[in-house]
Amino acid sequence: MDLSSIRKLITRYCTGEESWVDSRTVYIGQKEPPPGTEAYIPQRFPDNRIVSSKYTFWNFIPKNLFEQFRRIANFYFLIIFLVQLIIDTPTSPTTSGLPLFFVITVTAIKQGYEDWIRHKADNAINQCPVHIIQHGKVVRKQSQKLRVGDIVQVKENETFPCDLILLSTSREDGTCFVTTASLDGESSHKTYYAVQDTKAFNTAEEVDTLHATIECEQPQPDLYKFVGRINIYLDRDEPIVRPLGSENLLLRGATLKNTEYIHAVAIYTGMETKMALNYQSKSQKRSAVEKSMNAYLIVYLCILISKALINTVLKYAWQANPNRDEPWYNQKTETERQRHVLIRAFTDFLAFMVLFNYIIPVSMYVTVEMQKFLGSYFILWDDDMFDEELGEGPLVNTSDLNEELGQVGNLFSPLQNCCQSHYWFTVSVLSSSQVEYVFTDKTGTLTENNMELRECCVDGHVYVPHAICNGQILPGATGMDMIDSSPGVDGKEREELFFRALCLCHTVQVKEEETVDGIKRGIHQGKSTSFYISSSPDEVALVEGMKRLGFTYLRLKDSHMEILNREDEMERFELLEVLNFDSVRRRMSVIVRSSSGDYYLFCKGADSSVFPRVVSGKVEQVRARVEHNAVEGLRTLCVAYKKLTHEEYEETCHLLNRAKLALQDRDKKLAEAYDVIEKDFILLGATAVEDRLQDKAADTIESLHKAGMKVWVLTGDKMETAAATCYASKLFHRNTQILELTTKRTEEQSLHDVLFDLSRTVLRQHGSMTRDTFSGLSGDYQDYGLIIDGATLSAVLKPTQEVTSNGGNYKEIFLEICRNCSAVLCCRMAPLQKAQIVKMIKASKERPITLAIGDGANDVSMILEAHVGIGIMGKEGRQAARNSDYAITKFKHLKKMLLVHGHYYYIRIAELVQYFFYKNVCFIFPQFLYQFFCGFSQQPLYDTAYLTLYNISFTSLPILLYSLMEQHINMDILKRDPTLYRDIAKNSLLRWPTFIYWTFLGVFDAVVFFFGAFFLFDNTTFTSNGQMFGNWTFGTLVFTVLVFTVTLKLALDTHYWTWINHFVIWGSLLFYVIFSLLWGGIIWPFLNYQRMYYVFMQMLSSGPAWLSIILLIIVSLLPDVVKKVLCRALWPTTTERIQNADKLYKGHLSEFTPLSSLHAPPVRKHDRHGNENQNRTHRRSDSSPPKKLMCTYWGGQA
């Protein structure tokens, strides 16, 4: 044995060959193959149990605790709690343990309940009955007991229990019809095919006699890909080998339709089914608010450590005097005297950390989670976003990104249509650093994906289903009409061949009358008729168009396609091979044999993939018509054919079968085979299909532009078609100068030169404009739109690029061009390229917020890549909706989701985060000040009960309700004036200046609480019975002022009042008073000592205490009130102007008042010629350095 053989054996048995690892062998019916055929290698596969739950009864507590303590805040409070247990701390461990226990418990209950629901659903699925064939009989078992290799019998309207390979059906042709609505949302019936050599095994006894094995790939999550082969052992020595593909694979969750029963073998079970593999969780997305929260948490943690360090140092400075170190009333033990000073200092540092740890708001995380979870229901309950046609409303797949819906915008956006628009304009004078992006698909997203054949072009002659002239249907128009010259005798044959090609080159199914989704289809004048169903709306439109033009596709029967020609004669073509469509080739082909024995290869596809493979035909005439239709916004396809000899057909079959039988790289080998087969075509003609624009799509895009968003269209369509849609949807305007970065232009010039030409074009005008010379009413500004195709984008994004002379590469230049264009159209995009564009924009230096919206499987990659992914429940299935963060039924609903729901979500959660940090500063800073007056002895200012319940009970409900119900502006106004969305863009309410303001406001209030109470009671104060106030009374007074101040602060910030707000806000204050009375008014037997006994009643019995409480509350709230009043009067933001006007009009502002009059007026500035120029109006919400020029024009806005 040579070394190579030894190496192969070692590779196979030690490391494993690729084929050994990446494939599996399944023995049908659990039967061993005949002796001498192949070695029997039993393999172990999982059972058919589905587990979507996360926990079990035994691992719930440890696993859930581990997951919760991975959060930094929870782990921090756990450490604080353990420190309180280990060392002598000034506060009880209960003060940290109880809030932490509350947070952990609430979260665990929520997650446990959700998992219990999943367990119930799993049990219902795992225990449902299935029918298995054993020993020639049908046996009933539970689904979870199904094993790989078992032969399953499934009846009509039953769901497939696992992934199955179809062996036989009740239909003679070995086909069955399946709906995959639960997998991808497609309600259309798809056709699946039994293995040709097993379709005759129709009874249980016959199926049980089958001896066969299946070799296939290991489980992988792609729903539309499967590679395998079946070895059927008959009486011959060699088995019959047949290829298996996705057309033979029945997926778990799909439903059998219009077929009495099928027999199939289990190939993947349980958690290895494709549906289960798609349960895998997507990558975690984090919102800008969450990132701000973490940054603020780090700042407050540093403040906490600083406080503890300062107090520790000052304590030992204070105790440098021996009398202070060990006074007579608190002498140290011998152990304490012998302890090292560093150990004592570290212990004191930890004690101060415990004392001040409440500055970190642990309950904020629970409140934020509850706000997001409960707030998501407002989208689900929105009747305006409910679609009557589909009977469905929006879906929320994750509530973690609610507030991110309010961040897909910018403070400044490019100028749009200077002369015609009636809203705020901004012009990019320098490079924009405030741009956010919306990436949208075209077909099915901007358009309806409701196709209708508009015309056919055969050798330059144009046909329409009904002749139309000047917009009118010609009188007497029959099924087929020409709108130009007659094609002649030769043209007649080409014409009929063209129509036959479209009747044969498709995967359309013909259905009789039936009920689909509760609607009876296929009924015409009381008679049962047929109708067409396909996974591609284009194919249905073409076949229906051919029917109106005189050629009717009837059915596929016994592998023969039957069509009815214009003379009502039936023609039969044997369907030999189908070369399926894919997004890379962008074409499909069929090989058929006519009744006369001639072989034809018909092909249809995109012009870019068909024209290069054509060797004859009237290419230029057809190309001109295709380009004309594309400019009109129609979807075009080219049709070609070639005749095959018998020898060529045999060679083609051999080439295809060899590729289909491959287990490794089957897709690659099939693509190579298709490339060899699909060439040397004769061009027949082209088709034009119309896909109408969705209702209010143009209005939605216009509103997004006004809100400050850049909209990019990413589509696989050709440039002319996509550009026409962009004009119709107002993405491009008529005065927009289109810049092309396409293959056609790069063939004429080098990519380097084209990029620099475009860069100079867009930057020349922007560089020459200044803020002092620009006028908002001027029409001199040129609006730019960029068009780029997939091939050029690949060249731009290539990593091996030469560095230009100015230090930038192609990608940076491309980004600079895009920043200065109002809109970008990317055509001929592959799905992966869509994701690459989104990723490129996300990684740019501005780090913008991105949103991607689409309706098809080809949009999933960009939806997952974007910060916020929105799927549309359209006709291309539900893959996009299933993989998105949010799903809507129509593109127009994006307007309300962003401008109203996103606006509200962000306003609410921004106030929630800032308020939580503010009220905790107010809470703990007096404790810090108190240490200067108690010798840094770590004496707490507040009672243990107050420390524990402050964040849990006294101040939690008002802010939670505020974060759910606050509406600072009427939603009708938000929809009417999208520019208001800019006020909250770029995380404007959670910027560092705002955060610092809230923090200093908290510090100011805390100083007022503490020193106000301290100086008011500087002299010894007596109650009516002569008792003096002690330290607990002082702390209770400060705490009372604190609770009332922070609650009234929230009340002052509330604009939208309901009875629930009143109940919760005033109810919280009342609850505090009642609790304090009961806590100090009753002797509780479970307490070892009760230092608060009668303290609260004693304080309330003092007149000066009442006066102090009222006075300190007023003084604390006064600066914030004065600041708001002055700012509203002198420098009002647009939001504040509208709030004031809405109060003036008593809530009916949106009905009576032009919103344009409420925006901040521009500042007038005279130039040297005495003319007035409009300069940018500075708004307080725009706190970033000015980098853009803003001008306004309000022309007739109603």
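This is a predicted model, so every value here is computed, not measured. (Residues numbered from 1 in each chain as written. Predicted model: local features only at pLDDT ≥ 70, side-chain atom pairs only at ≥ 80, totals over all residues. Heavy atoms only, no water.)

A. Structural context of a negative patch on the surface. A contiguous patch of negative charge, built from Glu 647, Glu 648, Glu 650 and Glu 651, is present on the exposed surface. Examined against the element boundaries, Glu 651 turns out to sit in helix H19 (residues 646-660). The class for Glu 651 is exposed, based on a relative accessible area of 58%. (Patch = residues over 30% accessible without salt bridge, like charges linked within 9 Å, V, L, I, M, F, W, Y side chains within 5 Å. Areas by Shrake-Rupley, 256 points an atom, 1.4 Å probe, with all protein chains shown as cover. Salt bridge = Lys/Arg side-chain N within 4 Å of Asp/Glu carboxyl O. Lys, Arg positive; Asp, Glu negative; His and termini not counted. Charge placed at Lys NZ, Arg CZ, Asp CG, Glu CD. Helix = DSSP H or I, 4+ residues; strand = E, 2+ residues; numbered from the N terminus. Buried < 20%, exposed > 50% of the residue type's maximum accessible area, 1.4 Å probe, protein only.)

B. Spatial organisation of the packing of aromatic side chains. All told, the structure shown has 58 aromatic pairs when counted by the stated rule. Ring centres of Tyr 300 and Phe 995 lie 5.6 Å apart, and the angle between their planes is 65°; on these two criteria the pair is classed as edge-to-face. On the criterion of sequence distance, the pair formed by Tyr 300 in helix H9 (residues 288-318) and Phe 995 in helix H34 (residues 992-1016) is long-range, its members being 695 residues apart. With respect to class, Tyr 300 is no different from Phe 995; both count as buried. On the basis of an interplanar angle of 65° and a centroid distance of 5.8 Å, the ring pair of Tyr 950 and Phe 1039 is categorised as edge-to-face. Of this pair, Tyr 950 sits in helix H31 (residues 944-954) while Phe 1039 sits in helix H35 (residues 1031-1053), placing them 89 residues apart in sequence. For the pair Tyr 950 and Phe 1039, one class covers both residues: buried. Put simply, the rings of Phe 923, Tyr 942, Tyr 946, Tyr 950, Phe 954, Phe 1039, Phe 1071, Tyr 1072, Phe 1075, Trp 1079 and Phe 1096 pair up and form one aromatic cluster. Sitting over the face of the ring of Trp 998, Lys 1049 holds its NZ or CZ atom 4.7 Å from the ring centroid. The ring of Tyr 997 has Lys 1123 lying over it, and the distance from NZ or CZ to the ring centre is 4.6 Å. (Phe/Tyr/Trp six-rings, centres within 6.5 Å; stacked < 30°, edge-to-face > 60°. Lys NZ or Arg CZ within 6 Å of the ring centre and 35° of its normal.)

C. Structural view of a nonpolar patch on the surface. Nonpolar side chains collect at one region of the surface, where Met 370, Phe 373, Leu 374, Tyr 377, Phe 378, Leu 380 and Trp 381 lie side by side and expose about 620 Å² of accessible area between them. Looking at the secondary structure, you find Tyr 377 in helix H14 (residues 377-380). Judged by its relative accessible area of 30%, Tyr 377 falls in the partly exposed class.

D. A look at the environment of Pro 978. Structurally, Pro 978 can be placed in the loop between helix H33 (971-976) and H34. The class for Pro 978 is buried, based on a relative accessible area of 4%. Put simply, Pro 978 and Lys 895 are 83 residues apart on the chain and 8.9 Å apart in space, counted from C-alpha to C-alpha. Apart from residues no more than four positions distant in its own chain, Pro 978 is found in contact with Ser 703, Lys 706, Ala 707 and Leu 899. (Contact = heavy atoms within 4.5 Å.)

E. Spotlight on the sheet that holds strand S36 (residues 709-714). What the nine strands build is an open sheet, ordered S14-S42-S41-S40-S16-S36-S39-S38-S37; its pairing is mixed. Edge positions in the sheet fall to strand S14 (395-396) and strand S37 (736-741), since each has one partner strand and no second. Alignment of strand S40 (residues 850-854) against strand S41 (residues 868-872), held across four bridges, turns out to be parallel. When the bridges of S41 are listed, Gly 854 appears paired with Gly 871. Helix H22 (residues 719-728) rests against S36, S37, strand S38 (783-789) and strand S39 (823-827) of the sheet, and its axis sits at about 150° to S39. (Pairing = 2+ DSSP bridges. Axes fitted to C-alpha atoms, helices over the stretch in contact; angles between N-to-C directions.)

F. Representation of the confidence of the model for the protein within the structure. Per-chain confidence: the protein averages 77 in pLDDT, with 78% of residues scoring 70 or above. Within the model, the stretch residues 1-21 combines pLDDT values under 50 with 13 contacts to residues more than four positions away or in other chains. Every residue in residues 768-779 is under pLDDT 50, and counting partners more than four places away or in other chains gives 29 contacts. (pLDDT = per-residue confidence, 0-100.)

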